[in-house]
Amino acid sequence: MRYFRNKSAAIAGLLLGGCATTTHGGEALPSALEAGWKGESVCTLQHQGETHRVLRCTFPPGVGHERHYHPKHYGYALSGGTMQLTSASGTRTATLATGSDYASNGVEWHEVVNVGETTVTYLIVEEL
């Protein structure tokens, strides 16, 4: 179950979300922090406590986030843009508003790429 404050937040909730590695269909998947794009990190650890950690994930135009999973988390779009999402339910493109936020019970797997002309940046607060 997810809670969204607006339509853009609902779309953002589908795009964002990691701790350790999990498996999906026998494939080992990294968390959002460990996953990157073409060998480069896209998320940095901003803070970690006993119960949560905060990630900052930045996607310039043409940069994405390779297949990964997310535990239960809260996300906030510092700067919005146009992202393409691929998950078990298919591929779609969504335009996200700056200031959108969402809460998610987790994402089994997905991958995203910035197909717009602006850099997209999120803060993600994950439960540990």
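Everything in this summary refers to the structure shown in the same document. (Residues numbered from 1 in each chain as written. Predicted model: local features only at pLDDT ≥ 70, side-chain atom pairs only at ≥ 80, totals over all residues. Heavy atoms only, no water.)

1. A closer look at the overall build of the protein
Definition in use: A run of H or I in DSSP becomes a helix once it reaches four residues, and a run of E becomes a strand once it reaches two; helices and strands are each numbered from the N terminus. Exposure categories follow from relative accessible area, calculated using a 1.4 Å probe and restricted to protein chains: below 20% of the type maximum is buried, above 50% is exposed, and the middle band is partly exposed.
Scanning the protein from terminus to terminus reveals 1 helix and 14 strands. Scored against the burial criterion, the 128 residues of the protein give a buried share of 42%.

2. Digging into the side chain of H70
Note the threshold: In the analysis that follows, any N or O atom pair within 3.5 Å is treated as a polar contact, provided that within protein one partner can donate a hydrogen and the other can accept it, and provided that, for residues neighboring in sequence, both atoms belong to side chains.
Within the secondary structure layout, H70 lies in strand 8 (residues 64–70). In this structure the side chain of H70 is engaged in a polar contact, spanning 2.9 Å, whose partner is the side chain of H68. A polar side-chain atom of H70 sits 3.0 Å from a polar atom in the side chain of H110.

3. Some remarks on the nonpolar core
Our working rule: Definition used in this section: a nonpolar core is a set of buried Ala, Val, Leu, Ile, Met, Phe, Trp, Tyr and Cys residues joined via side-chain atoms within 4.5 Å. Residue contacts are counted whenever heavy atoms from the two residues lie within 4.5 Å of one another.
One finds L55, C57, F59, M83 and Y122 to be the most contacted residues of the largest nonpolar core, which totals 17 residues. Those elements that provide at least two residues to this core are strand 7 (52–59), strand 10 (81–87), strand 11 (90–96) and strand 14 (120–127). Leaving out residues up to four positions away in the same chain, C57 has contacts with V42, C43, V120, T121, Y122 and I124.

4. Overview of the pattern of salt bridges
Heads up, the condition is: We define a salt bridge as a contact between a side-chain nitrogen of Lys or Arg and a carboxyl oxygen of Asp or Glu at a distance within 4 Å.
Under the criterion given, the structure shown has 3 salt bridges. Across the salt bridge formed by R53 and E126, the nearest N and O atoms sit 2.6 Å from each other. Here the residue R53 occupies a position in strand 7, and E126 occupies one in strand 14, the gap between them amounting to 73 residues. Under the relative-accessibility criterion, R53 is labelled buried at 5%. Across the pair E127 and K72 runs a salt bridge, and its minimum N-O distance is 4.0 Å. One end of the pair, E127, is in strand 14; the other, K72, is in the loop between strand 8 and strand 9 (73–79), and 55 residues separate them in sequence. Note on E127: relative accessible area 43%, which makes it partly exposed. The exposure class assigned to K72 is partly exposed, which follows from its relative accessible area of 39%.

5. Quick look at the packing of aromatic side chains
Stated precisely, the cut-off is as follows: Geometry of aromatic contacts follows a simple scheme: Phe, Tyr and Trp rings, the Trp one being its six-membered ring, pair when their centres are within 6.5 Å, and the pair is stacked under 30 degrees between planes, edge-to-face over 60, tilted otherwise. Each ring is checked for a lysine NZ or an arginine CZ that lies within 6 Å of its centre and within 35 degrees of its normal; such an atom marks a charge sitting over the ring.
Summed over all chains, the structure comprises 1 aromatic pair. Pairing F59 with Y122 gives two aromatic rings, centres 6.4 Å apart and planes at 65°, and the pair type is edge-to-face. Of this pair, F59 sits in strand 7 while Y122 sits in strand 14, placing them 63 residues apart in sequence. Per residue, the accessibility class of F59 equals that of Y122, and both read buried. Directly above the ring of W109 sits R67, whose terminal nitrogen or CZ lies 3.7 Å from the centroid.

6. Considerations on a nonpolar patch on the surface
We apply this condition: Distance thresholds for patches are 9 Å for like charges and 5 Å for nonpolar side chains (Val, Leu, Ile, Met, Phe, Trp, Tyr), applied to residues having over 30% relative accessible area and no salt bridge. For the area figures, the Shrake-Rupley method with a 1.4 Å probe applies, and any residue is considered shielded solely by the protein chains shown.
Taken together, the side chains of Y74, Y76 and L78 make up a nonpolar region of the molecular surface, amounting to roughly 230 Å² of accessible area. Mapped onto the fold, Y76 is located in strand 9.

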